[in-house]
Amino acid sequence: MSVQSRRAPQMFTRVVAGALALTLAACQAPAPNSGTGSPVSVSGGAASYASAQQLLQSARVSPSPQRDQLSLQAAAILYDLGDAEGALDAVTLVAPEQLDDVQFARYAHVYGNLLTSQDEFFDALDLTTSPRLDGTWLQLPSETALPLRDLRADLWGLLGDLDSAIEERQQIAILAQSEEMIAENNNGFWQLLTQLPSSELRLRADESNSPMMKGWYELALLGRDTQADIGSQLAALNRWRQQWPRHGAASNPPQALRLLEQLAAQQPDRVALLLPLSGPLGSAGRAIRDGFMAAYYSSLNAGSATPAVRVYDSGTDRPFEELYQEAVNGGAQAIIGPLDKQKVANLLATEKLPVPTLALNYADSGRLTGDLVQFGLAIEDEARQAARQTYRQGHRQAMILAADSGWGQRGADAFSEEFQRMGGTVTTRRTFHDRSDFSKLVSDTLLIPESKAREAALRRQLATGLEFTPRRRGDVDMLMLLAQPQQARQINPMLAYFYASDLPVFATSQVFAGTVNRERDRDINGVRFTALPWLFESDNQTRQVIESQAAPAPAFARLYALGADAFRLFPRLPMLRQFPEQRVHGLTGALSLTADGRIVREQVWARIDKGAPAPITTGVERLSLPADAIELSGSGENL
């Protein structure tokens, strides 16, 4: 199975178990007596590869619709046994028009899961949202409707249509009766809603006419509070429960919230911050320190229990190992730092660290033990996220234009690797620099000169006048752009000029300068990009403290966000280790932990609309935020 989403394995594990039980319950029609066979009926407990083969054998000698029912039953068994190829062969024998409405719903569920396991997300969504289902929901038994709706919600969420996924979760909440299904749906709600910026959640909470959804939006705001420490979140959760005692999430809160009490008891009392405050990385280190301390004082002012923090300057000539040991000897129960990439590599080479350590950069490899976690602003995370998103949206042939900087080339490499791993093709890749002739770059990459040459040859051959419009190359269906704002503003208009206005453009966060200038950025209208949540968190208290006291330049804003997230992340690392599917929602992205101790960031998706960024929450993008609500950074260089 080749599913690339971090959530997808959970999705399949959850729905496959239902696929077998539901299909077996529906398809216990006996095969007609052909002289040698007896009626075929397989119970869930007896399901096996042999029983699936028996069903298929009976299907071959049975007329429709029994043949289709038996084939569907066999497909469900084979998929449950892990034989996706055999299940796909079986389900393709089914003629869906031969099934009644209830059977068709079960077919959509089984086949939809198989298509999803093949990364055919749009085909799966088309099947599970078939118009044939529209008028049948009321007649479907809940054991059939619930798993199908759950799959639909997962697919919409996976493809970025959060609004449709949320609506589907509302329908599931009405139908769900078992504690297990309610808990799973509440976790699904949480994963969807916490992808929305706080400003969007607050707007929806104010405008919602549904008590259930108003409660959910307010609960999700609690989870998206990127300034709150664990104690503050616990207090806020208790207040929410008092306000919403009958809400479905009051008795079955999402798993991430159920873990808060456990985390509160595990917090360290003393923390050491090891950052370069002097030397070449001093300005970056001071920005991270100030972001960390802004989050610290926000927590302290809220009356929450906060650890004692001691700051050490790692930018001096003193060996880092001595500084690290001094912090340990001083009683530090957790260490945050270093920032320098080589110092992270040195820690990685140490057999065992004396205290849990959160490094603020990445070495070239991970660490399987639980004593070192690496967290930073890697461009690779954004590029891989873009590769997954574009592939899920149906793009298969990518064109890459990348800046000749280190971050641009690393991003292009990461996008290419992830996109091709999923099954896509990078048709062409070009590198540019600030002094490039961008008109020639775009024209040559789109093969416009070749098109004009063909026209000239045809004109000479026919010796007559022709009406001719050059055509761009047809072997690409998207552009991945790794560019700074001033470069993107020159490249994007050239696409329309050279007959590629229909080519979707995706980019990383570097494409937006950080402050809204509608006149300047109208040249990148339509560009979709991965954005730091900081961009849409203008009401965040920690961000407001940072901006009022430090007034960071856009190029440093993301470093302040990194420091603030480090404060919020380190006490939650035990949760991420124990429950890898959980995320910490911060100012730099939704943060998850890999098995080898690397934090992966997933940012929000945004689109430049009328010269300003707007968050993408549905198939139809919402309007832009006010120009004065946005401030963000520029560079994405690893330190």
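Refer to the structure above for everything that follows.
This section reports on the structure supplied with the text. Everything numeric here is computed off the predicted structure, so don't read it as measured data. (Residues numbered from 1 in each chain as written. Predicted model: local features only at pLDDT ≥ 70, side-chain atom pairs only at ≥ 80, totals over all residues. Heavy atoms only, no water.)

1. A few points about the nonpolar core
Formed by 114 residues in total, the largest nonpolar core has its most connected members in Leu 358 and Ile 599. Setting aside residues up to four positions removed in sequence, Leu 358 forms contacts with Ile 335, Ile 336, Gly 337, Val 373, Phe 375, Ala 566, Leu 569, Phe 570 and Leu 573. The next biggest cluster of nonpolar side chains, apart from the first, holds 34 residues, and it includes Leu 446, Ile 524, Ala 531 and Phe 536. (Core = buried A, V, L, I, M, F, W, Y, C linked by side-chain atoms within 4.5 Å. Buried < 20%, exposed > 50% of the residue type's maximum accessible area, 1.4 Å probe, protein only. Contact = heavy atoms within 4.5 Å.)

2. Some words on the pairing of strand β6 (residues 397-403)
For β6, the tally of buried residues reaches six of seven residues, placing the bulk of the element in the interior. Here seven bridges tie β6 to strand β7 (residues 425-432), and the two strands are oriented parallel to one another. Across the sheet, Ala 402 pairs through a bridge with Thr 431, a residue of β7. You can see the chain leave β6, run along helix α20 (residues 406-422) and come back into β7, and the turn it takes is right-handed. (Helix = DSSP H or I, 4+ residues; strand = E, 2+ residues; numbered from the N terminus. Pairing = 2+ DSSP bridges. Right-handed = clockwise from strand over helix to strand, strands pointing away.)

3. Brief notes about the environment of Gln 171
One can find Gln 171 in helix α8 (residues 162-175). Since its relative accessible area comes to 35%, Gln 171 is described here as partly exposed. Through-space distance from the C-alpha of Gln 171 to that of Leu 146 is 8.9 Å; in sequence the pair is 25 residues apart.

4. Some remarks on unusual backbone geometry
Of note, the bond from Ser 64 into Pro 65 is cis; its omega dihedral lies within 30 degrees of zero at 5°. Mapped onto the fold, Pro 65 is located in the loop between α2 (49-60) and α3 (66-80). For the bond running from Gly 337 to Pro 338, omega is 5°, close enough to zero to count as cis. A positive phi angle is found at Tyr 499, which is not glycine, with a value near 65°.

5. So, the packing of aromatic side chains
Under the defined criterion, the tally for this structure stands at 14 aromatic pairs. Arranged with centres 5.6 Å apart and planes meeting at 55°, the rings of Tyr 107 and Tyr 111 form a pair that is tilted. Of this pair, Tyr 107 and Tyr 111 both sit in helix α5 (residues 101-117), four residues apart, which is roughly one turn of the helix. For the pair formed by Tyr 107 and Tyr 111, the shared burial category is buried. Ring pairs connect the aromatic residues Phe 292, Tyr 296, Tyr 297, Phe 567 and Phe 570, which therefore count as one cluster. The ring of Trp 137 carries the charged tip of Arg 149 above its face, separated from the ring centre by 3.8 Å. The positively charged end of Arg 396 is found above the aromatic ring belonging to Tyr 391, 3.6 Å away from the centroid. (Phe/Tyr/Trp six-rings, centres within 6.5 Å; stacked < 30°, edge-to-face > 60°. Lys NZ or Arg CZ within 6 Å of the ring centre and 35° of its normal.)

6. A closer look at the pattern of salt bridges
In this structure the tally under the stated criterion is 23 salt bridges. The closest approach of N and O atoms between Asp 150 and Arg 169, which form a salt bridge, is 2.7 Å. Of this pair, Asp 150 sits in helix α7 (residues 142-158) while Arg 169 sits in helix α8, placing them 19 residues apart in sequence. Overall, Asp 150 belongs to the buried group, its relative accessible area being 2%. Given a relative accessible area of 1%, Arg 169 falls into the buried group. Taking the shortest distance from any N to any O, the salt bridge between Arg 152 and Glu 168 comes out at 2.8 Å. Of the two residues, Arg 152 sits in helix α7 while Glu 168 sits in helix α8, which places them 16 residues apart along the sequence. (Salt bridge = Lys/Arg side-chain N within 4 Å of Asp/Glu carboxyl O.)

7. A word on the sheet that holds strand β3 (residues 334-336)
Pairing between the strands of a sheet comes from backbone hydrogen bonds, and it takes one of two forms, parallel or antiparallel. Taking strand neighbours across the sheet as the criterion, the five strands line up as β2-β1-β3-β4-β5 in an open arrangement whose pairing is parallel. Edge positions in the open sheet fall to β2 (308-313) and β5 (372-374), since each of these has one partner strand only. When the angles between neighbouring strand axes are averaged without regard to direction, this sheet yields 20°. Pairing analysis gives two bridges linking β3 to strand β4 (residues 357-359), with the strands arranged parallel. If you follow Ile 336 over to β4, its bridge partner there is Leu 358. Contacts from helix α16 (residues 282-301) reach β1 (270-275), β2 and β3 within the one sheet, and its direction differs from that of β1 by about 160°. (Axes fitted to C-alpha atoms, helices over the stretch in contact; angles between N-to-C directions.)

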